[in-house]
Amino acid sequence: MTTTASAPVPAGPDREPEPGPPRRGLRFPSAYTVLAAVTVVVWGLTFVIPPGRYDTKNGAPVPGTYHSVTLTQGFGSRLKDLFLSPVNGLYGVTDAHSGLTAPGGSGQFFGAAGVFLFVLAVGAFITVTLRTGALTSGVARLAERLRRHRTLLLVVLLALFSLGGTTYGMAEETLGFYGLMVPLMLKLGYDRMVGATVIMVGAGVGTLASTVNPFATGVASDSAGIGTGDGIVLRLLMWAVLTAVAAVYLVRYANRVLGDPTRSLVAPLPEDEELKAAGGAEGRLPARQRLVLAVFAATFLFMIFAVIPWADLHVTFLPTLGWYFPELAALFIVAAVAVGLIAGLGEKGTANAIVAGAGDFIGAALIIMLARGVTVIMNNASVTDSILDALHGVVSGTSSGFFAVLMFLVNMPLAFLVPSSSGHAALAMPILAPLADFAGVSRSLVVTAYQSASGWVNLVTPTSAVVMGGLALSKVRYDRYLRFMGPLMGILLVAVSGFMVLGAVVM
């Protein structure tokens, strides 16, 4: 990316330079290498794990029907599957040579093509807005006005992203916000880690404690044969407590960086200083820039409105548009054109900015494609159901309190292998929910355990397009992010386990 003073957030992947002269020795690999290694390891494990399937009814596995299957693929075909997995992950298809369909009997799963194009469209929109100068100037003025209330701003932003996570599973949609949050946090004196995690941790913790999220709570409750509202009191309590815990943790780190920048977990980038010095003029913004910022804000607000299933939330006075990534990609492209024309960039200037922006974000889009490729390999080798059947055997015949915690723990490896919360729910709930009847606990507790495990794992798993894509956009290295998240993951693990025991006692 060509960096200028008005382009505060280069979106290339994980290229954080080390200060000072080059040093010899090992260095944590890039996100591409991490995902390539995960892909190869998972592919290798498919030769060890025996393939098997559940029979399905209405797309959901039927308990007690697990059976071994024989793959028709030879080694050459499976080797081809390894090399084609990123491409198949982009399109969301399984290998026809396997003779099998994807879990759920659909023959395919949601590929990365929609998210891929969405990220490129967001890149185009962000870059066009940056070239108008409005975003840099607006962020500078916002930072100046909020400088005395920066802690409150952090808490409010994290809570808003958490609200999006708990209500509708805000995940890939967050990728559009990094271009705004990272420069804002830098202007406030924080670092890129704060900019990345106010989004990622906020939405992630909210999804972990989903209350009415139709893609997690809704799908899982339906698969378990209960209503979405069953168990909502416990989940509301979890959401409030865990969001507060995450906010305290983030504010503590942010204040430490503010007091001593050398304690930051991420090395500063050259463009960080340019960003901090840019856009400091006083006075009102020109009318064109104010209009650009209005369109910028309206685009993101409309995106949120368009993806929330209002009908599922029993909000009858708002229409449910049901938009997903194809529609959202089109929204950002149209908005990018509108911004360019409003700002006077002209036809050529707007077109060049759109192309440059898509190019800047191609690294994050490729990471998303690689992450989805891992799921393709699992589906083609038919080992996901085998792992699910093994987990089913682990949780059988335990006491209620231990059962609840165990349900949380046994869903973790499945969440790693199936990052999609709805896919995980469709696979696991018909098998695991009936076990609650034998343990003497509510089936809603199984739903809460599943979505907590899925949310916990997806905060850090390298198979998550949200994690790896968000870090690439923020230019925060994965190993640094793990160092930040380590203590918080431990706190959340203990807290969720406590809520599981509480649920087993009172539900």
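The structure presented is a predicted model; accordingly, all values stated were derived computationally and were not measured. (Residues numbered from 1 in each chain as written. Predicted model: local features only at pLDDT ≥ 70, side-chain atom pairs only at ≥ 80, totals over all residues. Heavy atoms only, no water.)

Inspection of the secondary structure assignment puts Thr166 in helix H5 (residues 150–168). Judged by relative accessible area, which is 2%, Thr166 ranks as buried. Residue contacts for Thr166: discarding those within four places in its chain leaves Gly206, Thr207, Ala209, Ser210, Thr211, Val212, Asn213 and Trp239. (Helix = DSSP H or I, 4+ residues; strand = E, 2+ residues; numbered from the N terminus. Buried < 20%, exposed > 50% of the residue type's maximum accessible area, 1.4 Å probe, protein only. Contact = heavy atoms within 4.5 Å.)

This part takes up helix H7 (residues 192–208). Over its 17 residues, H7 extends 23 Å from the first C-alpha to the last, a length consistent with the 24 Å expected when each residue adds 1.5 Å. The buried fraction of H7 is high, at 17 of 17 residues. The backbone nitrogen of Met193 has a side-chain oxygen 3.2 Å away, supplied by the residue at the start of H7, namely Asp191. (Expected span 1.5 Å × (residues − 1). Polar contact = N/O pair within 3.5 Å; in protein donor to acceptor, adjacent residues only side chain to side chain.)

Another point: the confidence of the model for the protein. Summing up the model confidence of the protein, the mean pLDDT is 80 and the portion of residues at 70 or higher is 84%. Ignoring residues within four places in sequence, the model shows residues 1–22, a span with pLDDT below 50, making 66 contacts including any to other chains. Confidence drops under pLDDT 50 across residues 95–110; counting only partners more than four residues distant or on other chains, this segment forms 44 contacts. (pLDDT = per-residue confidence, 0-100.)

Summed over the entire model, instances satisfying the criterion amount to 13 aromatic pairs. Seen from their ring centres, Phe125 and Phe296 are 5.3 Å apart, and the 10° between their planes marks the pair as stacked. Residue Phe125 is found in helix H3 (residues 113–131), and its partner Phe296 is found in helix H11 (residues 287–307); the two are separated by 171 residues along the sequence. Take Phe125 and Phe296: they sit in the same class, and that class is buried. Geometrically, the ring pair formed by Phe125 and Phe332 is edge-to-face, given 5.3 Å between the ring centres and 65° between the ring planes. With a gap of 207 residues between them, Phe125 in helix H3 and Phe332 in helix H12 (residues 325–342) connect regions that are remote in the sequence. (Phe/Tyr/Trp six-rings, centres within 6.5 Å; stacked < 30°, edge-to-face > 60°.)

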